[in-house]
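Notes for the structure review
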Amino acid sequence: MSDTPTTHSPDRPEGPGSVIRWGILGTGLIAGLQTSDLVQHGFSVQAVGSRNLATAREFAARFGLPAAHGSYESLVEDADVDVVYISSPHPFHYANALLALNAGKHVLVEKPFAMNAWQAQEVVDLAASKGLVALEAMWTRYLPHMVRIRELVGSGALGEVRTLLADHNQNLPKDPEHRLNDPALGGGALLDLGIYPVSFSFDLFGVPAGIQAAASMTATGVDRQTAMIFEYGDGQQAVLHCALDTAGPNRAAVIGTGGSIEIDPVWYTPTGFTRYDDGGNVVERFDEPVTGRGMQYQGWEMERLIAAGATANDILPPSQSVQVMAALDTVRGQIGLSYSSDARP
């Protein structure tokens, strides 16, 4: 396979020469949402794997999947599976991705791609050594409104883009034993919610030259809310915020010298936006209907890469997934948020 970056089309590809078959690793809420979109849009989803066979069978029955496996090892060894969607809790993404890659499967790994940069780099390196695709499931990047925003930014329609404002605030369970509040399970607002605005900043500006962060912590020792400013060499700024115990507007804005874009809530899901000129006049209103939740777009991109014999695209190459994790590592260092996985074996 070639690692030459390739471009993305938001439309469903014509279809690979042979059917690409999917396996689902994990049976939680997000796994169900992804599987629903895949099935609804005609993907070949062949199997699901869980640590509990009864749970796997229930999931398979719900979505009409041919096979259910009572272990992840059994799933990745399934000869009828070509690509594994990894939707286990994020402390397990690293091990599950290595498991699937070592079995010769392409992987679509839920965000965050790993717990930290060293884990992400090992996944990327293993995939490269085997000529396999390791794509981060940052589904937002492939949604129609984000594709259009990249076109506008690239065309210079906003002039020199100076600022990104983006938040991801939700009112989530406060039970201290819930995974979101448990440091042993990678809890905290940053990795679950902050990953979205942080990834958007990379999409827009690339790797930051400087990072400033501050947080408020829960009694269990994870971040309740985190504020970040990413600074760039030409003076651009990304002002980002996430919180897990307060619902927020979940809006985003891209601001340039020649105009701005205000993305409707919820900005990281299928939605619309309004573009203004530098005088505040509306010059474009973007609304494009999306069927399902919109997670099919990253599935199409995964199949397109596999069919093209490519291991990277220019929308979210594996190297950038590592860079995003490195930025999150820096933020965690500044706010005092650490996990057991930070210690490299």
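Look up: the structure comes first, before these words.
Residues numbered from 1 in each chain as written. Predicted model: local features only at pLDDT ≥ 70, side-chain atom pairs only at ≥ 80, totals over all residues. Heavy atoms only, no water.

Considering the layout of surface pockets
Test applied: A cavity here means a set of points on a 1 Å grid, drawn over the protein atoms and nothing else, where a 1.4 Å probe fits but cannot get out; a pocket is an open set with protein on both sides within 12 Å along at least five of seven lines, and a residue lines either one if it has an atom within 4 Å of a point. Grid points are joined across faces, edges and corners, and a volume is the space filled by probe spheres set on the points. Per the convention used, a helix needs a DSSP run of H or I reaching at least four residues, while a strand needs a run of E reaching at least two, with both numbered from the N terminus. Under the convention adopted here, Pro, Cys and the residues Ala, Val, Leu, Ile, Met, Phe, Trp and Tyr are nonpolar, Asp, Glu, Lys and Arg are charged, and Gly plus all remaining residues are polar.
Size it by volume and the largest pocket reaches roughly 800 Å³. Along the wall of the largest pocket there are 34 residues; nearest its centre are Leu29, Ile30, Ser87, Arg179 and Asp192. If you list the elements that add at least two residues to the lining of the largest pocket, you get helix H1 (29-40) and helix H7 (189-205). In terms of residue count, the dominant contributor to the lining of the largest pocket is H7 (five residues). Residue composition of the lining of the largest pocket, by class: 16 nonpolar, 12 polar and six charged.

Some thoughts on the packing of aromatic side chains
Rules: Classification of ring pairs rests on two measures: the distance between centres of Phe, Tyr or Trp rings, Trp counted by its six-membered ring, which must be within 6.5 Å, and the angle between planes, read as stacked under 30 degrees, edge-to-face over 60 and tilted in between. When a residue's accessible area, from a 1.4 Å probe over protein chains only, is under 20% of the maximum for its type it is buried; when over 50% it is exposed; and in between it is partly exposed. Note on geometry: a ring has a charge over it if NZ (lysine) or CZ (arginine) is within 6 Å of the ring centre and within 35 degrees of the ring normal.
Per the stated rule, a full pass over the model turns up 10 aromatic pairs. With 5.3 Å between their ring centres and 75 degrees between their planes, Tyr94 and Trp118 make a pair best called edge-to-face. Note that Tyr94 is positioned in helix H4 (residues 93-102) and Trp118 in helix H5 (residues 117-130), a separation of 24 residues in sequence. According to the relative accessible area criterion, Tyr94 is buried, its value standing at 16%. The buried category is assigned to Trp118, whose relative accessible area is 14%. Taking the centre distance of 5.4 Å and the plane angle of 90 degrees together, the rings of Trp267 and Tyr268 count as edge-to-face. Directly above the aromatic system of Phe92 lies the positively charged group of Arg51, at a separation of 6.0 Å from the ring centroid.

Here's the deal with the pattern of salt bridges
Filter applied, for reference: The salt bridge criterion pairs a side-chain nitrogen of Lys or Arg with a carboxyl oxygen of Asp or Glu, the two atoms within 4 Å.
If you walk through the whole model with that rule in mind, you get 18 salt bridges. Linking Arg21 and Asp82 is a salt bridge whose minimum nitrogen-to-oxygen distance equals 3.0 Å. Taken together, the residues span a long stretch of sequence, with Arg21 in strand S1 (residues 21-25) and Asp82 in the loop between helix H3 (72-76) and strand S4 (83-86) at a distance of 61 residues. Note that Arg162 and Glu160 form a salt bridge whose closest N and O atoms lie 3.1 Å from each other.

Examining unusual backbone geometry
Pro112 follows Lys111 through a cis peptide bond whose omega is -15 degrees. Examined against the element boundaries, Pro112 turns out to sit in the loop between strand S5 (106-110) and H5. The omega torsion across Pro265 and Val266 is -5 degrees, close enough to zero to call that bond cis. Take Val266: it is sitting in the loop between strand S12 (259-263) and strand S13 (273-277).

Regarding empty space enclosed by the protein
Scanning all chains against the criterion turns up one cavity of 30 Å³ or more. Roughly 50 Å³ of volume is contained in the largest cavity. Lining the largest cavity we find Met138, Thr140, Arg141, Met146, Tyr196, Ser199, Phe200, Asp203, Trp267 and Tyr268. The biggest single contributor to the lining of the largest cavity is H7, with four residues.

As far as function goes, none of this settles anything; it's purely spatial.
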